[in-house]
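Chain by chain, the residues:
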Amino acid sequence: MALLEESPLTGEAVITDVRHLLSHGEETLAFDTMCSWIYEDALPITQQYHALLVAMADEMDIPRSVQRLDELLID
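In what follows, the accompanying structure is described. (Residues numbered from 1 in each chain as written. Predicted model: local features only at pLDDT ≥ 70, side-chain atom pairs only at ≥ 80, totals over all residues. Heavy atoms only, no water.)

**Digging into the overall build of the protein**
The helix and strand tally for the protein stands at four helices and zero strands. Going from the N terminus to the C terminus, the protein shows its helices and strands as α-α-α-α. Rg of the C-alpha trace for the protein: 11 Å, near the compact-globule value of 11 Å for 75 residues, within the 12% margin. Principal axes of the C-alpha set define a box for the protein whose edges measure 35 × 25 × 20 Å. Taking the contacts inside the protein whose residues are at least 6 apart along the sequence as the reference set, 63% of them involve residues at least 24 apart. (Helix = DSSP H or I, 4+ residues; strand = E, 2+ residues; numbered from the N terminus. Rg over C-alpha atoms; globule rule 2.2 N^0.38 Å. Contact = heavy atoms within 4.5 Å.)

Structural data, given as structure tokens:
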């Protein structure tokens, strides 16, 4: 939930979907959905936030979720 709160996502429908998934114990799907929308909407992310996403992906053993997010890094 903390990653969602810090995310650059602004679309209410996407945020609602991710929260819904989390409330139903679908953490992996929620995380993957969040990362997918960040990439699809080309939302800029900081190095710090990217590192948090990578750490969570490693912890959840789903490294593909954060693949290519490094293209969105800002200074």
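**What about helix α3 (residues 27–40)?**
Owing to its 3.6 residues per turn, the α-helix aligns residues three or four sequence positions apart on the same side. With 14 residues, α3 extends 20 Å from end C-alpha to end C-alpha; this agrees with the ideal 20 Å at 1.5 Å per step. Lining the buried residues of α3 we find α1 (2–6), α2 (12–23) and α4 (47–60). Phi for A42, located one or two positions after α3, is positive at around 50°. (Expected span 1.5 Å × (residues − 1).)

**Considering the packing of α3 against α4**
Orientation of α3 relative to α4, taken along the N-to-C sense of each, is 145°, at an axis distance of 11 Å. The crossing of α3 and α4 is left-handed. Two secondary-structure elements touch here, α3 through E27, T28, F31, M34, C35 and I38 and α4 through Y49, L53, M56, A57 and M60. Within the contact of α3 with α4, the residues separate by chemical class into nine nonpolar, one polar and one charged. (Axes fitted to C-alpha atoms, helices over the stretch in contact; angles between N-to-C directions. Left-handed = near helix turned anticlockwise from the far one by under 90°. Nonpolar A, V, L, I, M, F, W, Y, C, P; charged D, E, K, R; others polar.)

**Topic: the nonpolar core**
By size, the foremost hydrophobic cluster in this structure holds 21 residues, and its most contacted members are L9, F31, M34, I38, L53 and L69. The greatest single-element share of this core, amounting to five residues, is contributed by α3. In contact with I38, other than residues within four places in its own chain, are S7, P8, L9, L43, I45, Y49, L69 and L72. (Core = buried A, V, L, I, M, F, W, Y, C linked by side-chain atoms within 4.5 Å. Buried < 20%, exposed > 50% of the residue type's maximum accessible area, 1.4 Å probe, protein only.)

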